[in-house]
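# Examining the three-dimensional arrangement
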Amino acid sequence: MATQLTNYQCPACTGPLHFDGASGKLVCDFCGSSYDTAEIEAMYAQKEAAAETAAQNKEAPPPDSVWSENEAAGLRSYSCPSCGAELICDETTAATSCPYCGSQVVMTGQFSGDLKPDYVIPFKVNKQAAKDKVREYASGRKYVPKMFRDENHIDEIKGIYVPVWLFDANVNADINYVGKNMRHWSDSDYNYTETETFNIMRSGSISFEKIPVDGSEKMEDDLMESIEPFDFDGAVDFQTAYLAGYLAERYDVNEEQSISRANERIEQSTIDAFRKTVQGYNVVEKTSANLNMNSGKASYALYPVWILNTTYRGEHFKFAVNGQTGKTAGDMPVDEGALWRYFGICTAVC
């Protein structure tokens, strides 16, 4: 089955359009014109309708709706609607750019039917700001080599819309704890410790909305979760125009496969929330937990993430930047000399 391609071009000069998070509009890379996403979506809807009519009448479709597709070994081959160059992508790629003419191409067929997201959180953080966030992140970490902090080691940076499943749930919980208060004193002969032990019970219900679970096998779950939270108040109804200028993927981990991770996150969040209500004790230990979860609906969204790859002394490091808030996470090289000096000083002091 063929996959339709959409090449978002400026109506004024036919230059490529990209979504600009600062203005919330589609901006032309050549002439600087800007357009509302709804305006461009409406124009392309008319164009697609005309192409369908032409196909039904056995007329030749317009150039930018012609594509080729070859599904083999998990790869697909498309023809760029602008210059005709062959684009080789994997089977989950849904938005990319042509390496020859720079056109921003969206495989709209990857977001049709059950594959269509319910929501998208548009990018707010631009490419330069993402680079600055990584440098700021590195400068705030101890034992990172000074050369790494000072030099630009970024090999690659790309903005990606990551597929995410969002789960709602209601949880009824009964959790028991043991709380301990200890008092210490001494006299001329002995040291004393008095321990009071309390059985603590908590029972109640809690509701969760839009708990996210990464729907891409390529995106590491721990890295994606490290740059949370995303503010869902910034989400909008999905339109493919928001993808222009960025990479995007459709999910390859489906809703059913994501439920177990969602349950783990919801259970842990419930335990953490109930634990915060137990206060006034020196030590608190959870002894038992009975959670009854009533799952609600699940929805599908695309979340904005900048992925940065760096190389330092032959080692590769990956960073992720929340494309909405700028929160950053990733691995850092360690200055082993500085680390050992620190331990040596601590040992000497002790």
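Residue indices follow the written sequence of each chain, beginning from 1 at its first position. With pLDDT at 70 or above as the cut-off, local features in this predicted model cover only qualifying residues; side-chain atom pairs require 80 or more to be listed or tallied, and sums for whole chains, interfaces and linings still use all residues. Excluded from the side-chain calculation are hydrogens and water; included are all heavy atoms of the structure.

Let's shift gears to the overall build of the protein. Helix and strand counts for the protein come out as 6 helices and 16 strands. Any two residues having at least one pair of non-hydrogen atoms within 4.5 Å are treated as being in contact. Considering only residue pairs separated by 6 or more positions, the protein has 70% of its internal contacts joining residues 24 or more positions apart. In this description, accessible areas are obtained by the Shrake-Rupley approach with a 1.4 Å probe, and a residue is regarded as covered only by the protein chains that are shown. Of the roughly 19000 Å² that the protein leaves accessible, carbon and sulfur atoms contribute 47%. Per the convention used, a helix needs a DSSP run of H or I reaching at least four residues, while a strand needs a run of E reaching at least two, with both numbered from the N terminus.

A pair of aromatic rings is counted whenever rings of Phe, Tyr or Trp (Trp by its six-membered ring) have centres within 6.5 Å, and the orientation is called stacked for planes under 30 degrees apart, edge-to-face for over 60 and tilted otherwise. Enumeration over the complete set of coordinates arrives at 16 aromatic pairs. Measuring from ring centre to ring centre gives 6.3 Å for Y137 and F319, while their planes differ by 80°; the resulting arrangement is edge-to-face. Of this pair, Y137 sits in helix α2 (residues 127–139) while F319 sits in strand β15 (residues 315–322), and the two are 182 residues apart along the sequence. Summarising the burial analysis for this pair, Y137 and F319 share the class buried. Aromatic pair W165 and Y251: ring centres 4.9 Å apart, planes at 55°, arrangement tilted. Buried, partly exposed and exposed residues are distinguished by accessible area as a fraction of the type maximum, computed with a 1.4 Å probe on protein chains only: under 20%, between the cut-offs, and over 50%, respectively.

Time to look at the side chain of T96. Looking at where T96 falls in the secondary structure, it is placed in strand β7 (residues 93–97). Judged by relative accessible area, T96 falls into the buried class, the value being 15%. Aside from chain neighbours lying at most four places away, what touches T96 is C89, S103, Q104, V105, M107, Y246 and L247.

On to α2. To estimate the expected span of a helix, count its residues, drop one, and scale the result by 1.5 Å. Here α2 contains 13 residues, and its C-alpha end-to-end distance of 19 Å stays within 8% of the 18 Å for a straight helix at 1.5 Å per residue. By the burial criterion, the buried members of α2 are A130, V134, Y137 and A138. For α2, the arc enclosing every buried residue in end-on projection is 100°, short of the 170-degree limit, so these residues lie on one face. Summarising the geometry, the arc corresponds to the directions from the helix axis toward the C-beta atoms.

For soluble globular proteins, nonpolar side chains are generally found buried alongside one another. Here the nonpolar core consists of buried residues drawn from Ala, Val, Leu, Ile, Met, Phe, Trp, Tyr and Cys, with membership extended through side-chain atoms lying within 4.5 Å. Counting residues in each nonpolar core, the largest one holds 43 residues, and the members touching the most others are Y8, L17, F111, Y161, L243, L302 and W306. For this core, the elements supplying multiple residues, two or more each, are β2 (17–20), β3 (25–28), α1 (37–56), β7, α2, β10 (154–186), β14 (283–312) and β15. Among the elements that make up this core, the one with the highest residue count is β14 (5 residues). Once you skip the residues sitting within four places of it in the chain, L17 turns out to touch Y8, Q9, C10, L26, V27, C28, Y35, I40, Q104, A244 and G245. Formed by 17 residues, the second largest nonpolar core is a distinct cluster that contains I121, V162, L166 and L223.

Turning our eyes to something else, we now look at the confidence of the model for the protein. Think of pLDDT as the predictor's per-residue confidence, scored from 0 to 100. Per-residue confidence for the protein gives a mean pLDDT of 83, with 82% of residues at or over 70. Low pLDDT, under 50, characterises residues 60–71; the stretch is placed with 27 contacts to residues that sit more than four places away or in other chains.

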